[in-house]
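# A closer look at the structure
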Amino acid sequence: MSTGFDRDADEFARGARAIVVYPEMGASSRDADARLEETAGLAAAIGVEVREKLAVKLRQPKPGTLIGSGQVEAIAETVRDQELQLAVFDAALTPVQQRNLETALKCKVIDRTGLILEIFGERARTAEGRLQVELAHLDYQAGRLVRSWTHLERQRGGFGFLGGPGETQIEADRRLIRDRMARLKKELDQVSRTRTLHRDRRQRAPWPVIALVGYTNAGKSTLFNRLTGADVMAENLLFATLDPTLRQISLPGIDKAILSDTVGFVSELPTQLVAAFKATLEEVVSADLLIHVRDVAHPDSEAQRADVEKVLSEIGVAEATPRFEAWNKLDLLDEERRAQLLEDAGKREDVMPLSSLTGEGVDALIATVATRLTAGHRRFWITLASGDGAGAAWLHQHGEVVEQRIEDDQALYEVRMAPGDYERFLTRQG
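Within every chain, residues take consecutive numbers counted from 1 along the sequence as written. In view of the model being predicted, local features appear only for residues whose pLDDT reaches at least 70, and side-chain atom pairs are presented and counted only at 80 or more, with totals across whole chains, interfaces and linings using the full set of residues. To obtain the side-chain values, all non-hydrogen atoms of the structure were used and water was disregarded.

Let us now look at helix 15 (residues 389-398). When a residue's accessible area, from a 1.4 Å probe over protein chains only, is under 20% of the maximum for its type it is buried; when over 50% it is exposed; and in between it is partly exposed. By the criteria applied, helices consist of DSSP H or I runs no shorter than four residues and strands consist of E runs no shorter than two, each listed in order from the N terminus. Turning to helix 15, its buried residues are Gly391, Ala392, Trp394, Leu395 and His398. Projected down its long axis, helix 15 shows its buried positions confined to an angular sector of 155 degrees, all on one face. Residues are treated as being in contact if the distance between any of their heavy atoms lies within 4.5 Å. Considering only its buried residues, helix 15 is in contact with strand 9 (254-261), strand 13 (378-385), strand 14 (400-407), strand 15 (410-417) and helix 16 (419-429). The directions considered for the arc are those from the helix axis to the C-beta atoms.

Below, the structure written as structure tokens:
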């Protein structure tokens, strides 16, 4: 993704040899090895070749370099010995810390926020996605224009009624960034209005919306493909899905429902992206039912669950929105863990154990979703002429036919359906 602002100095090349550093601060609920693997996976997602992974313990962050001087020297030695070109810090670095680390390590340094922004920039496919990524990147970059690169120190002469020594290049860059961000926000507002119109049209249909949410790489897209027969990109790759995908599905007792596959969440999701991608996640905010897909085979599964709930809260999803958890990747568990998980799931009504890869438990998931969505349905007795095949088909399509029988050349149906669908049926019958 190009923003036009000093990309040569602010970007690293695909295929760069890198070290991943995880500064472990205080008591953490995260498994350090799992966190290093996740960050290495994020780097690999954009073609970076991770040669080393290192967790360093911190008692207190250092203002200048985040980590201690001895740790900096050790990393610098590794960078020099292995001729590494990039150091990825799994933390948020201030501009000063990033500059000082680059000077000490003599290689490019990028933090977690910058890494995620690069991934999103490469993966965005729709016009909306590209606008959102560029806005987030400019917001992030605006705070980084404190480095003393040569071109940022040059001055431009004043012109017109502007006198004085002129405008420095860094001031010009900041002004250009602000102007570009203002234009992008206007374009995104228009996109959001269009999306709202489409969503309102769907709600008038009225078809329920089911949103799949979860941590990145939890298996949402694999489950989405199995439920819809679609061919959404589903790989063992972090952030394989970025732009939302919507598909129509049929469920028992429900004519049509909209299933939405969304971008995977991640811990410490950059605030720039939470704000910029709120429009993309509007399907989640307005969903009738949320299915939180969890990778129960991951050592940080519980921490990931908390991360997802945090992001849902940040984007405005009400706690009252009906939701349940799909405990995914049963196929990766050993027998003991699998038995324990199935026992735990059996004691709860808000979880469904399954494997989106093998299909185990998916039928039960479909039945559970249908039950949740039809919970407000009522039973109606409806009488049709015995030859009204179109009417009978409509009842089967829009509701669940519980009982039917023929009496005096009339067909009697007991149907469970939404009150709104019953009103639509009465209107259809005149």
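Right, let's talk about the pairing of strand 9 for a bit. Taken across its eight residues, strand 9 has seven buried, putting it largely inside the fold. Judged from the four bridges that link them, strand 7 (residues 209-214) and strand 9 form a sheet pairing that is parallel. What sits directly across from Ala211, in strand 9, is Ser260. Pairing of strand 8 (residues 245-251) with strand 9, which is carried by six bridges, proceeds in the antiparallel orientation. The residue bridging Ile249 from the neighbouring strand is Ala257, located in strand 9. A loop of two residues connects strand 8 with strand 9, the two strands running antiparallel in sequence, and Gly253 in this loop sits at a positive phi of about 80 degrees. The criterion for strand pairing is that DSSP finds at least two bridges linking the strands in question.

Following the sequence through the fold, Gly387 ends up in the loop between strand 13 and helix 15. Residue classification places Gly387 among the exposed residues on the basis of a relative accessible area of 73%. For the pair Gly387 and Asp409, spaced 22 residues apart in the sequence, the C-alpha separation amounts to 8.6 Å.

Next up on the list: the sheet that holds strand 15. Strand order in the open sheet made by the three strands is 13-15-14, with antiparallel pairing throughout. Of all strands in the sheet, those bounded by a partner on one side alone are strand 13 and strand 14. Taken pair by pair, the neighbouring strands of this sheet meet at an average axis angle of 20 degrees, ignoring direction. Together, strand 13, strand 14 and strand 15 form the strand contacts of helix 15, whose direction differs from that of strand 15 by roughly 20 degrees. A fitted line through C-alpha atoms serves as each axis, taken over the contacting stretch for helices, and the angle formed by two N-to-C directions is quoted from 0 to 180°. Along the sheet, helix 16 makes contact with strand 13 and strand 15, crossing strand 13 at roughly 15 degrees.

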